Amino acid sequence: MASREIEVILSRQLADSLSIPVFITDTEGALIFYNEPAGILLGRRFEDTGTMQPGEWTRAFFPQDLEGNPLPPHRLPLVQTLKDRTPTHDSFWIDSMTGERHLLSVTSIPIIGRNNRFLGAMAIFWKTEQP
């Protein structure tokens with residue numbers, strides 16, 4: 001990982017310790033880390049994809065609303081948190097990189113550093129059976 005603020009480093013350490021999938025982005029929306037459970041769900045390890053820009057990761061996982069229509073990036077919880085700097089939650093479908101379809105519930109939160117500096121966002125997500 002490139003040189004990052006301590007709060008982002010600690011967020012990555014926390015994500016590595018969790019048994020549920022986690023994404024971490026920088027302030028511009030670049031996906032700078034996702035943990036092993038996220039890699040299993042998405043069909044590719046972070047070590048294999050590396051950092052992805054917002055357009056890359058939103059296309060790679062092909063998010064869709066509950067009716068199966070393509071979900072515009074601005075409606076994704078993580079993108080909304082990056083824009084508004086507030087927690088956001090939603091459920092939607094994704095197609096993994098292996099072609100599997102999953103219904104996810106996603107909660108995203110801003111990463112705020114010292115002096116109230118906005119440093120990025122973290123999304124925690126899990127497979128669900130009901131929308």
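Scroll up a little and you will see the structure.
Everything numeric here is computed off the predicted structure, so don't read it as measured data.

## Re unusual backbone geometry
- Even without being glycine, R85 reaches a positive phi, approximately 60°.
- Of note, R85 is situated in the loop between α5 (77-84) and β3 (88-95).

## Considerations on the environment of L42
- Assignment of secondary structure puts L42 in helix α2 (residues 36-42).
- Sequence-distant contacts of L42, that is, excluding residues within four places in its chain, are made with F23, Y34, F61, I94, S96, M97 and T98.

## Here's the deal with the nonpolar core
- Counting residues in each nonpolar core, the largest one holds 32 residues, and the members touching the most others are F23, I24, Y34 and W57.
- Ignoring sequence-local partners within four residues, the contact set of Y34 consists of V22, F23, G39, L42, R44, R45, F46, T49 and M52.

## Looking at empty space enclosed by the protein
- Going through the model one piece at a time under the given rule, you end up with one cavity of 30 Å³ or more.
- Considered as a void within the structure, the largest cavity measures approximately 160 Å³ in volume.
- Lining the largest cavity we find 15 residues, and of these F23, W57, F92, I94 and V106 sit closest to its centre.
- When contributions to the lining of the largest cavity are tallied by element, the ones reaching two or more residues are α4 (54-60), α5, β3, β4 (101-112) and β5 (118-127).

## A look at the side chain of H102
- With respect to the secondary-structure elements, H102 resides in strand β4.
- Here L41 takes part through its backbone oxygen, which lies 3.4 Å from a polar atom of the side chain of H102.
- Ignoring anything within four residues of it in the chain, the contact list for H102 reads L41, F92, W93, I94, S96 and K127.

## Observations concerning the sheet that holds β3
- With antiparallel pairing, five strands are arranged side by side in an open sheet as β2-β1-β5-β4-β3. Sheet topology places β2 (31-34) and β3 at the edges, where each strand pairs with a single neighbour. Sheet twist, expressed as the average angle between the axes of neighbouring strands with direction ignored, equals 25°.
- When β4 meets β5, the two strands line up antiparallel, connected through nine bridges. Bridge assignment links V106 to a residue of β5, and that residue is F125.
- Taken strand by strand, helix α1 (residues 6-17) contacts β1 (22-25), β2, β4 and β5, and its axis lies near 165° from that of β1.
- Here α5 sits on the sheet and contacts β1, β3, β4 and β5; the angle it forms with β5, its principal contact strand, is near 160°.

Here is what the cut-offs are and how they apply
- Residues numbered from 1 in each chain as written.
- Predicted model: local features only at pLDDT ≥ 70, side-chain atom pairs only at ≥ 80, totals over all residues.
- Heavy atoms only, no water.
- Helix = DSSP H or I, 4+ residues; strand = E, 2+ residues; numbered from the N terminus.
- Contact = heavy atoms within 4.5 Å.
- Core = buried A, V, L, I, M, F, W, Y, C linked by side-chain atoms within 4.5 Å.
- Buried < 20%, exposed > 50% of the residue type's maximum accessible area, 1.4 Å probe, protein only.
- 1 Å grid on protein atoms, 1.4 Å probe; cavity = no way out; pocket = protein on both sides within 12 Å on 5 of 7 lines; lining within 4 Å.
- Points joined across faces, edges and corners; volume = space filled by probe spheres on them.
- Polar contact = N/O pair within 3.5 Å; in protein donor to acceptor, adjacent residues only side chain to side chain.
- Pairing = 2+ DSSP bridges.
- Axes fitted to C-alpha atoms, helices over the stretch in contact; angles between N-to-C directions.

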